[in-house]
Amino acid sequence: MAKLKKAFFCSNCGYEASKWQGKCPACNQWNTFTEEIISKQKSSSTSFVAKAESHPNKLVEVNSEEKPRIILKDAELNRLMGGGIMPGSVVLLGGEPGIGKSTLLLQLLLQFHQEVLYVSGEESSLQIKDRASRISSTIPNTFYISAETDIGQIVKYANELKPKLLVIDSIQTLQHELIDSVPGSISQIRACCGELIKLAKTTDIPIFVIGHITKDGQIAGPKLLEHMVDVVLQFEGDHQYFLRLLRGVKNRFGNTNEIALYEMQQGGLNPVANPGEVFISGKDENLSGTATGIILEGVRPLLIESQALVSSAVYGTPQRSATGFDVKRLNMLLAVLEKRCGFKLGAKDVFLNIAGGFKINDTGSDLAVVMAILSSAADISIPAKTAFAAEIGLTGEVRPVTRLNQRISEAAKLGYKQLFVSKYAKNIDGDLPQSIEVVPISQINEAVARLFA
Ligand SMILES: [Zn+2]
């Protein structure tokens, strides 16, 4: 019997070492090494994908024409990937379990009326068929399904069938026969993803790979996978809401920072082409502690609702927690309110939630977050149809945001009556919608005086 080969892998970046180490030399993370048995036998050729003929070419003779992209039925997804999917590219779709990743890709294949292959290690073929019939009344007879988890077999099927699209659900279920560790382990994921990339590059078949992540993003796979694949899409949303957000995190063939929105319905996921106000909860307007901000995701302005709860701390150290918002930034904003603006929040618990299970990256939401907190602290509600679009600086000044005109237009379109912005914004042109009053301020106190007086 061949000797078992063991190695240690960094769960963050996939770095391989022969000994356990406290700190990863590649990505500098601590306590990320886990031991895995990697090979049952020593083998020099461990790949299932046949090597393509490749000789050095003259650079001038290299074909500079891009291969035409494959256009999918889902216009939102096409836009997100920069105008369809590139032949031979590998797209990782990451997200928490149960968020709807399988539904999204199943739907994509059902709408694509050419040979497609769906490989599911998560569910049986019958379960997939059940799901498919709920999404679409007719199942095209070009739709192939396989419950295979062995990567060697999957490569073989793909080579025989030559599907126009291939979906792997999920990378955590795949197994490479020469690697002895369990499916979902770092060495398995790395080896199987490597095979899929080779398969895509040699056959030009575009591959969608589903990767699960946990709430805290702890599981090994996806972080490491992100470096290997061409495109990374992240599916976000809250189980309580019907809305799902697909975010472009990495794209070798186009822009990132774009988003697409979907509505989860009985028959699958419906793209929401005009998102506008979808993240507003339709609250009772007399409630204190909520404020609407206009943020920009990619090129799209979105109205989002910040909900805050401020209460006296029961225990010695006040609690600060945030869902959908960076907790460090929340602490910074609270420190600014305390030190620069004179609001005594030091002994208060502060909880912040962004409605809709959405994660905000745009600092243009700062003013809305701060106003939600102050509204809760004073227990005075902010008047209806009022919105905010400004960043807060460390000195407490209200700072301008990018593409302000676009944000103003969106707020006006959705019937908002007043919008607080920075006085220092230079990019407001004279051509503003008449229906909305733009209120320029330089300090948070000015908004407080106007709204809570
Ligand atoms: Zn590492």
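For every chain, the first residue of the written sequence is number 1, and numbering continues from 1 onward in sequence order. Whole-chain, interface and lining totals are the exception, using all residues; otherwise, since this is a predicted model, local features are given only for residues with pLDDT of at least 70 and side-chain atom pairs are given and counted only at 80 or more. Computation of side-chain values covers all heavy atoms of the structure but excludes hydrogens and water.

## Topic: the packing of aromatic side chains
In this analysis, rings of Phe, Tyr and Trp, with Trp reduced to its six-membered ring, are considered paired at centre separations within 6.5 Å, and the interplanar angle assigns stacked below 30 degrees, edge-to-face beyond 60, and tilted for intermediate values. One pass over the structure, following the stated rule, counts three aromatic pairs. Between Y15 and F33 the ring centres are 6.4 Å apart and the planes differ by 90°, which places this aromatic pair in the edge-to-face class. Taken as a pair, Y15 in the loop between β1 (5-10) and β2 (16-17) and F33 in strand β3 (residues 33-39) lie far apart in primary sequence, 18 residues in all. Measuring from ring centre to ring centre gives 5.3 Å for F388 and F420, while their planes differ by 20°; the resulting arrangement is stacked. Going along the chain from the N terminus, every DSSP run of H or I of four or more residues is numbered as a helix, and every run of E of two or more is numbered as a strand.

## Let's talk about the domain arrangement of the protein chain
When cut into domains, the protein chain gives domain 1 (5-39), domain 2 (71-271) and domain 3 (290-452). Distance between the C-alpha centres of domain 1 and domain 2: 27 Å. Only heavy atoms matter for contacts: two residues are in contact if any of them lie within 4.5 Å across the pair. At the interface, twelve residues of domain 1 touch twelve residues of domain 2. Here a salt bridge means any side-chain nitrogen of Lys or Arg lying within 4 Å of a carboxyl oxygen belonging to Asp or Glu. Applying the counting rule to domain 1 against domain 2 returns one salt bridge. Note: domain ranges come from an automatic or database domain assignment.

## Some remarks on the packing of helix α7 (residues 327-339) against helix α8 (residues 366-378)
Throughout, an axis means a line fitted to C-alpha atoms (over the contacting stretch in the case of helices), and angles, computed between N-to-C directions, take values from 0 to 180 degrees. Two elements in contact, α7 and α8, have axes separated by 11 Å at closest approach and are oriented at 65°. Here α7 and α8 pass one another in a crossing that is right-handed. Here R329, L330, L333, L334 and L337 of α7 come into contact with α8, specifically with D366, V369, V370, I373 and L374. Here is the rule for handedness: rotate from the far helix to the near one, and if that takes an anticlockwise turn smaller than a right angle the crossing is left-handed, while a clockwise turn gives right-handed.

## Overview of the UniProt feature "domain: RecA family profile" (unreviewed entry) in the protein chain
UniProt positions are given in the numbering used here, feature names are shortened, and annotations may be inferred rather than shown by experiment. Under the present numbering, the feature "domain: RecA family profile" (unreviewed entry) in UniProt falls on residues 66-213. Between the first and last C-alpha atoms of residues 66-213 the distance is 33 Å; the span itself is 39% helix and 18% strand.

## Structural notes on the sheet that holds strand β13 (residues 290-297)
The pairing criterion for strands is at least two bridges between them, as found by DSSP. As summarised here, the arrangement of the seven strands in space is β15-β16-β14-β13-β17-β20-β21, forming an open sheet in which the pairing is mixed. Two strands bound the open sheet, and with one partner strand each, they are β15 (320-323) and β21 (437-441). Each neighbouring strand pair of the sheet contributes to a mean axis angle of 25°, computed without reference to strand direction. Bridge analysis of strand β17 (residues 386-388) against strand β20 (residues 418-422) gives three bridges, and the strand direction is parallel. If you follow T386 over to β20, its bridge partner there is Q418. Running over the sheet, helix α9 (residues 404-413) touches β13, β14 (300-312), β20 and β21 and is turned about 130° from β13.

## Details of helix α4 (residues 151-161)
Regarding α4, the residues found buried are I151, G152, I154, V155 and A158. On an axial view of α4, the arc spanned by its buried residues comes to 165°, and they lie on one face. Packing partners of the buried residues in α4 comprise β5 (116-120), β7 (165-169) and α5 (186-203). Two N or O atoms count as a polar contact when they lie within 3.5 Å, although within protein this holds only if one can serve as hydrogen donor and the other as acceptor, and sequence-adjacent residues are included solely when both atoms are side-chain atoms. N-cap assignment for α4: the residue whose side-chain oxygen lies 2.8 Å from the backbone N of G152 is D150. Note on α4: the residue one or two positions beyond its end, K162, has a positive phi of about 45°. Each residue's exposure class comes from its accessible area (1.4 Å probe, protein chains only) as a fraction of the maximum for that residue type: buried when under 20%, exposed when over 50%, partly exposed otherwise. As used here, the arc is the angular range of directions from the helix axis to the C-beta atoms.

## Regarding the pattern of salt bridges
The tally for this structure, following the rule as stated, stands at 14 salt bridges. Here R247 and E236 are joined by a salt bridge, their closest N and O atoms 3.0 Å apart. Of this pair, R247 sits in strand β10 (residues 243-251) while E236 sits in strand β9 (residues 231-237), and the two are eleven residues apart along the sequence. The buried category is assigned to R247, whose relative accessible area is 9%. The buried category is assigned to E236, whose relative accessible area is 4%. Residues R407 and D362 are paired through a salt bridge, measuring 2.9 Å at the closest nitrogen-oxygen approach. With R407 in helix α9 and D362 in the loop between β16 (348-354) and α8, this pair connects stretches of sequence that are 45 residues apart. Look at the salt bridges and you will find they share partners, linking K201, D230 and R252 into a network.

## As for the nonpolar core
L337, L367, M371, I373, L374, F388 and I444 are the most contacted members of the largest nonpolar core, which has 47 residues in total. Of all the elements, α8 adds the most residues to this core, at eight residues. Both of domain 2 (71-271) and domain 3 (290-452) provide at least three residues apiece to this core. Aside from chain neighbours lying at most four places away, what touches F388 is A291, T292, G293, I294, G364, L367, A368, M371, I382, L419, F420 and L451. The next biggest cluster of nonpolar side chains, apart from the first, holds 32 residues, and it includes L80, L165, I210 and V231. As used here, the term nonpolar core means buried Ala, Val, Leu, Ile, Met, Phe, Trp, Tyr and Cys residues forming a set that is joined through side-chain atoms within 4.5 Å.

## Thoughts on α9
Those residues of α9 that sit buried are L404, R407, I408, E410, A411 and A412. The inward-facing, buried residues of α9 abut β13, β14, β20 and β21.

## Some details on the sheet that holds strand β8 (residues 207-212)
Here nine strands make up an open sheet; going across it, the order is β6-β5-β7-β8-β4-β9-β10-β11-β12 and the pairing mixed. On the outer flanks of this sheet lie β6 (143-146) and β12 (268-271), each paired with one strand and no other. Taking each pair of neighbouring strands and ignoring which way they run, the sheet shows an average axis angle of 25°. In the sheet, β5 pairs with β6 via four bridges, with the strands oriented parallel. Counterpart to Y118 in the pairing with β6 is I145.

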